[in-house]
Amino acid sequence: MMIPTKTRPADDPRNGPVLLRRDLLAHGYTSSAIQRLLCRGDLVRVRPGAYVGPDVWRALDEGGRFGLRGRAVLGQARTTMALSHVSALAELGAPLWGFDLRDVHVTRTDGTWGRHEAGVYSHVGRIAPADLATVNGVLVTNPARAAIESCAVGPSEAAFCALNDLLHRGLVTESDLRSQVVEMESWPGTLAGEVLLRLADARIESVGESRAFWLFYQHHVPKPVLQHEVKDGTGRVVARLDFAWPELGVWVEFDGRSKYEKHRRPGESIADAVVREKNREDLVRRLTGWRCIRITWSDLQDPARVADIVLAALFPAVA
């Protein structure tokens, strides 16, 4: 297992810093002064007794702010604990789509019984030094453990997205995850880990692709070939298809924003990227004769309809 010490630059706003009330008091600020800073907007309250600058807060989305709350909890803790479950995923850079981000999840290392209060879910369980890692300067459960822990606190689809991301980025291997499932097989809520591990695949590159694959599984669409390579007459690979059924002459592409924003080529506009993707689709059609179906984020709101469309393309005589 490759456990990174950092998953983002040192100046990333998700790193804070989080200012604690006790430290501000120790540096001479009074309770009234802290309140004035909050009222003026010079400080933003992350959670009771913990603050960040307004620029940091404004720069972050819901997931980033959730991560700051985790850092605040660790900073305020009176005993050693590690960010775990979804909170560990936040530091590991895994997607948080679909998870409930109201509670920070930590695991105590002193064996004291856990509890749930004030937006913090304190877990307790067997935890060895090998289960822990320091990432971005904070203590977290390692990627394999965090992945299986997440199955116990979130929807299976959300945990599946996180699992695929960790595999795709090489932070865990299937062997790591299998060992972790065995280690945690008697833990409440982790039974789903076995099923998800059978489905997870390092070739799935995004949350959108994970959700599309999950849709196929849930609605009994035959398992597709992932990242299927299409070659031209010279044997050169000209395209990789998100999901393909070569024997049935159909492929599916997930159209997420990252395809046209994150993966733009130097100097390329979004419009240029859209045209390039259309030309790629036309080329694949000419080379294979297959039919293309595109799925967007909005389509995922009606998975049964999407499944019907794909099944009708795969088995037109049945439809």
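Anything mentioned here points back to the structure above.
The paragraphs below set out a description of the structure included in this document. Since we're looking at a predicted model, the values are computed, not measured.

Procedures and definitions
- Residue positions are given per chain, counted from 1 along the sequence in the order it is written.
- Per-residue local features are limited, in this predicted model, to residues with pLDDT of at least 70; the limit for side-chain atom pairs, both in listing and counting, is 80 or more; totals at the level of whole chains, interfaces and linings are taken over all residues.
- With hydrogens and water stripped out, all remaining heavy atoms of the structure feed into the side-chain values.
- Each helix corresponds to a stretch of at least 4 residues labelled H or I by DSSP, and each strand to a stretch of at least 2 residues labelled E; elements are numbered beginning at the N terminus.
- In this scheme, a residue with accessible area under 20% of its type's maximum is buried, one over 50% is exposed, and one in between is partly exposed, where area comes from a 1.4 Å probe on protein chains only.
- Contact between two residues is taken to exist if any of their heavy atoms lie within 4.5 Å; hydrogens are not considered.
- Working definition: rings of Phe, Tyr and Trp (its six-membered ring) pair if their centres are within 6.5 Å, and the pair is stacked with planes under 30 degrees apart, edge-to-face with planes over 60 apart, and tilted otherwise.
- Throughout this description, the term nonpolar core refers to a set of buried Ala, Val, Leu, Ile, Met, Phe, Trp, Tyr and Cys residues connected via side-chain atoms within 4.5 Å.
- Here, strands pair whenever DSSP counts at least two bridges between them.
- Lines fitted to the C-alpha atoms define the axes, with helices restricted to the stretch that makes contact. Angles between their N-to-C directions range from 0 to 180 degrees.
- Any helix carries an expected span of 1.5 Å times its number of residues minus one.
- Polar contacts, as counted here, are pairs of nitrogen or oxygen atoms within 3.5 Å of one another; within protein the pair requires one atom able to donate a hydrogen and one able to accept it, and residues that are adjacent in sequence qualify only if both atoms are side-chain atoms.

## Some words on the side chain of R145
Among the secondary structure elements, R145 is positioned in helix α6 (residues 143-153). You can call R145 buried: its relative accessible area is 2%. When sequence neighbours within four positions are dropped, the list of residues in contact with R145 reads T107, R126, I127, D131, Q180, M184 and W187.

## Some words on the packing of aromatic side chains
Applying the stated criterion across every chain yields a total of six aromatic pairs. Between the aromatic rings of F216 and W245, the centroid separation amounts to 5.5 Å while the plane-to-plane angle is 75°, which identifies the pairing as edge-to-face. Of this pair, F216 sits in helix α10 (residues 207-218) while W245 sits in strand β11 (residues 237-245), and the two are 29 residues apart along the sequence. Overall, the relative accessible area of 1% leaves F216 in the buried class. Residue class for W245 comes out buried when judged on its relative accessible area of 1%. Through a chain of ring-to-ring contacts, three or more aromatic side chains come together here, namely F160, F213, W214 and Y217.

## Some thoughts on the nonpolar core
L177, F216, W245 and V310 are the most contacted members of the largest nonpolar core, which totals 64 residues. Counting residues per element, this core draws most heavily on helix α7 (residues 156-168), which supplies seven residues. Beyond its immediate sequence surroundings of up to four residues, V310 is in contact with F216, V221, W245, V252 and I293. Judged by nonpolar contacts, the second largest core, of 11 residues, contains V18, V44, V52 and L60.

## Here we look at the sheet that holds β11
Pairing within the open sheet is mixed, and its four strands lie in the order β10-β11-β12-β13. Taken across any chain shown, the strands that pair with only one partner, and hence form the sheet edges, are β10 (225-231) and β13 (291-296). If you compare each strand with its neighbour and ignore which way they point, the axes differ by 45° on average. Sheet topology note: the β10/β11 ladder contains six bridges and is antiparallel. Bridge pairing in β11 places V230 opposite A239. In the packing of α10 onto the sheet, the strands contacted are β10, β11, β12 (250-255) and β13, and the crossing angle to β11 comes to about 40°. The sheet strands contacting helix α13 (residues 303-314) are β11, β12 and β13, and the helix crosses β13 at an angle near 175°.

## Side note on helix α4 (residues 62-76)
Counted at 1.5 Å a residue, the expected span for α4 with its 15 residues is 21 Å, and the 21 Å between its end C-alpha atoms agrees. Among all positions in α4, only G64, F66, G67, L68, R69, G70, R71, A72, V73, L74 and Q76 are buried. For α4, the N-terminal capping position is held by D61, with its side-chain oxygen 3.2 Å away from the main-chain nitrogen of G63.

## Things to note about the environment of G208
Tracing the chain through its elements places G208 in helix α10. G208 gets classed as buried once you look at its relative accessible area, which sits at 2%. With 43 residues separating them along the chain, G208 and W251 place their C-alpha atoms 16 Å apart. Not counting residues within four places of it along the chain, the set of residues in contact with G208 comprises F254, W297 and L300.

## Some remarks on the sheet that holds strand β3 (residues 50-52)
Pairing within the open sheet is antiparallel, and its three strands lie in the order β1-β3-β2. Two strands close off the open sheet at either side, each with one partner strand: β1 (19-20) and β2 (44-47). Of the strand pairs in this sheet, β2 and β3 are connected by three bridges, and their pairing is antiparallel. Along β3, the bridge assignment pairs V44 with V52.

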